[in-house]
Structure formats: structure tokens, C-alpha cells
Amino acid sequence: MIELIPAIDIINGQCVRLTKGDYGQKTVYNDDPAEMARQFEAMGFRRLHVVDLDGAKSSHIVNTDVLRRITEQTNLIVDFGGGIKTDSDLETAFENGAHMVTVGSIAVKNPELFVKWLHRFGSERMILGADVRNGFVSINGWKEDSSEALLPFLKFYIDHGVKNILCTEISKDGTLAGPATDLYKEIMKAYPQIHLIASGGVSCTDDIMQLNEEGIPAVVFGKAFYEGRIDVTRLMEEFGGKEKV
């Protein structure tokens, strides 16, 4: 049964969504992300994916106050990403209530540091972020493509104990064009032991149902919800806000 994870992306303290990671294609959906988080909790969701887009662009955490308000005002299990580059950034995220952190760029640019964090905080609290474009991992808020091919990149960290992987197909993100199901199936075939979180392109409730049928463990969705394309009642009847951490 698939795990349901709504997303809140933050720019200037507001809840927004981008299209294909383009900061120039921004839509503001709520001026108060903490209020949005409370709404998600009231609907029955148990998890929340929070992305500090200002932080991703600035290479350090920016929206600390927003994270703290979300974690203080809800009981949601929050994973937080965006701008985590140093020990201090990571500690700031945890001190402000994040239960887990999603780290991508550092895993590409400084593998030794990511492995150190993995051993220090444990695999249950660390999510490997793998944002993919044309088969290669992108970094720094999707502004830069690395030379890391996806599957070997994942294998390196799985061998070091990573269990949770958030994979976003950038070309799909914010497009409502449907998720990259074939990519996720390929990852699960290669590494069936991981808790894969699919992200990008979810357009409707049926997309989530299809990912569940294909055995994908978890899904992040944002724009489809904000555009009124997600039937929350149907999801809750089917999956009940399943929690797996």
C-alpha cells in the first residue's frame, strides 16, 4: 500500500509550486504554509514533504521559521530539504522539528560528508534526494546537471546503508503530465529493498493508484492537489494516510 506524502514548497515564506524547477514559473497557492500543513493533517495525511526553495537556490537553509511553525503546529511527520550543505544546516533542520531530511546536492558533491551524516543520524532520518534529468542527477536546485548516472549513484549509497530515496523526474515536475512510472519501476527492479518515494508529474488520483499497482512504495504530490485534481476522500478510503518511517 503506497504512502501518501503531500508537498509544500516554500519561496519567500509562501507555499508555491514551480514548473520543471523553473523559478520563473512560480504559482503561489497559500501565503501561510503552516496553515496549509494544518489542512493536510485535518484531511488525514500523516507525512509532509517540505522544500525550502529559497534555501536550494542560496545553498543554505532560509525558511527556518516556516519549518518550525509547521512542526510546532502539527503532528505531521515532516521531511525537509533545500539548502542543506553543512553540519550546521542539518542540525538546524532537526532542531526546528524536521523528523527527516532530504539531501541531494551534497551526496553528489561531497559523498564523504553525506555518508558521515548517514552514520551519525541513521538511515531512518536521512533521505537521499535523486533529482533526475536525462538520466543524470541534477544539483543546486536543479540549476546544474552532474555527471552522475542515476542507477550507479543510487547503488553507491544503498551499499552505504541508504534506505529512503526520493526520486524526482525534473522534466515531469509541476507539469501534471503523469509520473515517470517506467523510471520508478526500473529503480525498484534494480533495488527492491529500498523505500522509493516517487516525485514529479502526478496529475490525478488515478496516477497514484497506478503507482500503487506497480508496487511503488511512496509518492509525493503537490500541484495536482493544489489544482483540485486529487480526490482526498478516495485516497483516504483506499490507503488511510498510511505511515511508514
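Caption draft 1: Main features of the overall build of the protein. Looking only at helices and strands, the protein has 11 helices and 12 strands in total. For a compact globule of 245 residues, the expected C-alpha radius of gyration is about 18 Å, and the protein comes in at 16 Å, within 12% of that figure. Taken along the three principal axes of its C-alpha coordinates, the protein extends 45 × 40 × 35 Å. The buried share of the protein, reckoned over its 245 residues, is 60%. Summed over all atoms, the accessible surface of the protein reaches about 9,900 Å², with 45% contributed by carbon and sulfur. With 26 positive and 36 negative side-chain charges, the protein shows a separation of 2 Å between the mean positions of the two kinds.

Caption draft 2: Molecular detail of the pairing of strand β1 (residues 3-11). With 9 of 9 residues buried, β1 is to be regarded as a mostly interior element. In β1, alternate side chains face the same way, and those of E3, I5, A7, D9 and I11 on one face and L4, P6, I8 and I10 on the other are all buried. Alignment of β1 against strand β12 (residues 218-221), held across 4 bridges, turns out to be parallel. By the bridge assignment, L4 is partnered in β12 with V219. Pairing geometry for β1 and strand β4 (residues 47-52), over 4 bridges, is parallel. Across the sheet, the residue bridging to A7 is H49, located in β4. The turn linking β1 back onto strand β2 (residues 14-19) is made up of 2 residues, and N12 within it adopts a positive phi angle of 55°.

Caption draft 3: Representation of empty space enclosed by the protein within the structure. By the definition in use, this model includes 3 cavities of 30 Å³ or more. Of the voids in this model, the second largest cavity is the one considered here, and its volume is about 80 Å³. Together, 14 residues line the second largest cavity, and R17, G200, G201, V202 and G222 are the ones closest to its centre. If you list the elements that add at least two residues to the lining of the second largest cavity, you get β12 and α10 (223-226). In the lining of the second largest cavity, the residues fall into 5 nonpolar, 6 polar and 3 charged.

Caption draft 4: Highlighting the environment of R17. Mapping R17 onto the fold places it in strand β2. R17 has contacts with A7, D9, Q25, K26, T27, Y29, D173, G222, K223 and Y226, leaving out every residue within four places of it along the chain. For R17, the side chain forms a polar contact with the side chain of D9, separated by 2.7 Å.

Caption draft 5: Broad picture of the environment of D173. For D173, the location among the structural elements is in the loop between β10 (164-169) and α8 (181-190). Spatially, the C-alpha atoms of D173 and G201 are 4.9 Å apart, while their sequence positions differ by 28 residues.

Caption draft 6: Here's a closer look at a negative patch on the surface. Among the surface-exposed residues, E213, D231, E237 and E238 lie close enough to one another that they form a single negatively charged patch. Along the chain, E237 turns up in helix α11 (residues 232-239). Overall, E237 belongs to the exposed group, its relative accessible area being 67%.

Caption draft 7: How the structure looks around the packing of aromatic side chains. Applying the stated criterion to the full structure yields 10 aromatic pairs. Here the aromatic rings of F114 and Y157 are separated by 5.0 Å at their centres, their planes lie at 75°, and the arrangement is edge-to-face. Here F114 is found in helix α6 (residues 111-121), whereas its partner Y157 is found in helix α7 (residues 150-159), with 43 residues between them in sequence. You'll find F114 and Y157 in the same group, each marked buried. Here the aromatic rings of F153 and Y157 are separated by 5.4 Å at their centres, their planes lie at 70°, and the arrangement is edge-to-face. Pair noted here: F153 and Y157 are both in helix α7, with a separation of 4 residues, about one helical turn. A residue is classified by how much of its surface remains accessible, and F153, at 3% relative accessible area, is buried. Y157 sits in the buried class, given a relative accessible area of 1%. Geometry around F94 places R125 over its ring, the cationic atom sitting 3.9 Å from the centre.

Cut-off values and rules
Residues numbered from 1 in each chain as written. Predicted model: local features only at pLDDT ≥ 70, side-chain atom pairs only at ≥ 80, totals over all residues. Heavy atoms only, no water. Helix = DSSP H or I, 4+ residues; strand = E, 2+ residues; numbered from the N terminus. Rg over C-alpha atoms; globule rule 2.2 N^0.38 Å. Buried < 20%, exposed > 50% of the residue type's maximum accessible area, 1.4 Å probe, protein only. Areas by Shrake-Rupley, 256 points an atom, 1.4 Å probe, with all protein chains shown as cover. Lys, Arg positive; Asp, Glu negative; His and termini not counted. Charge placed at Lys NZ, Arg CZ, Asp CG, Glu CD. Pairing = 2+ DSSP bridges. 1 Å grid on protein atoms, 1.4 Å probe; cavity = no way out; pocket = protein on both sides within 12 Å on 5 of 7 lines; lining within 4 Å. Points joined across faces, edges and corners; volume = space filled by probe spheres on them. Nonpolar A, V, L, I, M, F, W, Y, C, P; charged D, E, K, R; others polar. Contact = heavy atoms within 4.5 Å. Polar contact = N/O pair within 3.5 Å; in protein donor to acceptor, adjacent residues only side chain to side chain. Patch = residues over 30% accessible without salt bridge, like charges linked within 9 Å, V, L, I, M, F, W, Y side chains within 5 Å. Salt bridge = Lys/Arg side-chain N within 4 Å of Asp/Glu carboxyl O. Phe/Tyr/Trp six-rings, centres within 6.5 Å; stacked < 30°, edge-to-face > 60°. Lys NZ or Arg CZ within 6 Å of the ring centre and 35° of its normal.

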